[in-house]
Amino acid sequence: MKTNAGRFFEEYRLGEVIAHAVPRTVTLGERALYHALYPARHALYSSDVFAQACGLPASPLDDLIGFHVVFGKTVPDVSLNAVANLGYAQGRWLAPVWPGDTLRSQSTVIGLKQNSNGQSGVVYVRTLGTNQHNQPVLDYVRWVMVKKRDLDAPAPTTVLPELAATVAAQDLVIPQGLDFTRYDFTQSGEPHRWGDYALGEVIDHVDGVTIEEAEHMLATRLWQNTAKVHFDATQRPDGRRLIYGGHVISLARALSFNGLANAQMIVALNAGAHANPCFAGDTVRAWSQVLDRAPTSAPGVGAIRLRLVATKGSAGDLRGPDGKYLPEVLLDLDYWALMPI
């Protein structure tokens with residue numbers, strides 16, 4: 001048999017290292033398509049001139065382009081037979097991705113847990129993305145629920161990895177040369193600095209976008225994400241294709257420009273959960289909460305820790321009295337970004 005049906009839960013082994021196929025050379029075409037799919041307007045990723053004034057040689061590709069490409073490489077080996085991608089932790093952007101870079105991915109299985117129904121299990125992997133110089137550009141942990149092929153296959157010994165709740169501020173990697181001392185607030189679109197944001201502050205990003213089936217399908221193809229639940233409507237009992245979680249992440253991040261235009265670079269992913277499924281026709285809105293702030297060693301650069309929530313509901317609404325996510329909440333993402341002081 002020459003075709004690949006994808007891995008099932010019982011086929012993963014703790015400690016296994018998986019080198020993912022099909023390296024991807026990214027170009028400015030990626031940026032054009034990304035900005036066509038999402039209302040992305042952060043100045044550092046839109047203008048070489050702006051980026052050069054901030055100490056960089058040119059405008060890098062959006063952080064989430066690198067994330068989606070590295071993630072997409074892992075899908076055939078990790079989540080082709082996924083029920084759902086569940087969460088993220090300990091993610092760090094280690095170097096900017098530039099047009100012309102070739103990205104590759106490698107994952108290590110760090111945890112396994114069969115579900116009580118015996119029909120699926122959760123696989124934990126740590127994924128490393130590198131460029132053509134073997135330089136790490138991204139490192140993160142994710143966990144995904146994967147179907148079993150043989151329901152009688154014995155359950156593996158449960159191993160749950162110990163994951164830090166946050167990436168420590170001192171472990172954030174600041175791009176070489178980044179300098180916000182000559183930052184142009186007029187060109188960036190908003191006057192708000194790092195010190196203008198109070199801990200606990202909630203920001204309603206106001207705007208909403210109704211997701212279309214066509215743009216979702218374009219996104220999954222662009223990032224070479226081949227998970228069956230995104231393409232094949234027969235994979236779910238309700239006959240609906242599940243919107244790729246990364247599509248919701250990028251949409252929410254783009255919507256956050258209104259209120260966080262100066263949160264320019266994502267440098268860490270502390271935690272993340274796809275709280276409820278998203279489908280074509282859903283209207284997605286976003287709100288953020290300021291969780292922490294920290295200085296950095298880079299001139300004029302501060303780090304701000306943000307909770308980004310994508311929702312079909314109202315700003316500030318997250319969990320019900322039972323502590324569970326409200327049904328309208330789609331995404332709960334905790335990340336660090338860089339902002340001018």
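These notes cover the structure that comes with them. Not measured: the values here are computed from a predicted model.

Points about the nonpolar core
- The biggest cluster of nonpolar side chains holds 58 residues, and the ones touching the most others in it are Tyr 38, Phe 67, Trp 223 and Ile 304.
- Ranked by residues supplied to this core, first place goes to helix H3 (residues 63-78) with seven residues.
- Once residues lying within four places of it in the same chain are set aside, the contact partners of Tyr 38 are Ala 219, Trp 223, His 247, Ser 250, Leu 251 and Ala 254.
- Ala 51, Leu 178, Ala 268 and Ala 294 belong to the second largest nonpolar core, which has 22 residues in total.

A short note on the layout of surface pockets
- The calculated volume of the largest pocket comes to roughly 380 Å³.
- Lining the largest pocket are 27 residues, with Val 83, Ala 84, Asn 85, Leu 242 and His 274 positioned closest to its centre.
- Mapped onto the lining of the largest pocket, the elements with two or more residues apiece are H3, strand S3 (82-93), helix H6 (228-231) and helix H7 (245-255).
- Looking at the lining of the largest pocket element by element, the count peaks at six residues for S3.
- Within the lining of the largest pocket, the residues separate by chemical class into 17 nonpolar, eight polar and two charged.
- Lining the second largest pocket, in full, are Leu 94, Ala 95, Pro 96, Trp 98, Asp 101, Asn 131, His 133, Gln 135, Val 173, Ile 174, Pro 175 and Gln 176.
- For the lining of the second largest pocket, the residue count by class is seven nonpolar, four polar and one charged.

With respect to unusual backbone geometry
- One non-glycine residue, Gln 90, adopts positive backbone phi at about 50 degrees.
- Relative to the helices and strands, Gln 90 is located in strand S3.
- The phi dihedral of Asn 134 is positive, around 60 degrees, even though this residue is not glycine.
- Within the secondary structure, Asn 134 is located in the loop between strand S5 (120-130) and strand S6 (136-147).

Some thoughts on the packing of aromatic side chains
- In total, this model carries eleven aromatic pairs according to the counting rule given.
- Residues Phe 50 and Tyr 183 carry aromatic rings whose centres are separated by 5.3 Å and whose planes lie at 85 degrees to one another, so their mutual orientation is edge-to-face. Of the two residues, Phe 50 is situated in helix H2 (residues 48-53) and Tyr 183 in the loop between S6 and helix H4 (185-188); the sequence distance between them amounts to 133 residues. The same class applies to Phe 50 as to Tyr 183, namely buried.

Scoring rules and cut-offs
- Residues numbered from 1 in each chain as written.
- Predicted model: local features only at pLDDT ≥ 70, side-chain atom pairs only at ≥ 80, totals over all residues.
- Heavy atoms only, no water.
- Core = buried A, V, L, I, M, F, W, Y, C linked by side-chain atoms within 4.5 Å.
- Buried < 20%, exposed > 50% of the residue type's maximum accessible area, 1.4 Å probe, protein only.
- Helix = DSSP H or I, 4+ residues; strand = E, 2+ residues; numbered from the N terminus.
- Contact = heavy atoms within 4.5 Å.
- 1 Å grid on protein atoms, 1.4 Å probe; cavity = no way out; pocket = protein on both sides within 12 Å on 5 of 7 lines; lining within 4 Å.
- Points joined across faces, edges and corners; volume = space filled by probe spheres on them.
- Nonpolar A, V, L, I, M, F, W, Y, C, P; charged D, E, K, R; others polar.
- Phe/Tyr/Trp six-rings, centres within 6.5 Å; stacked < 30°, edge-to-face > 60°.

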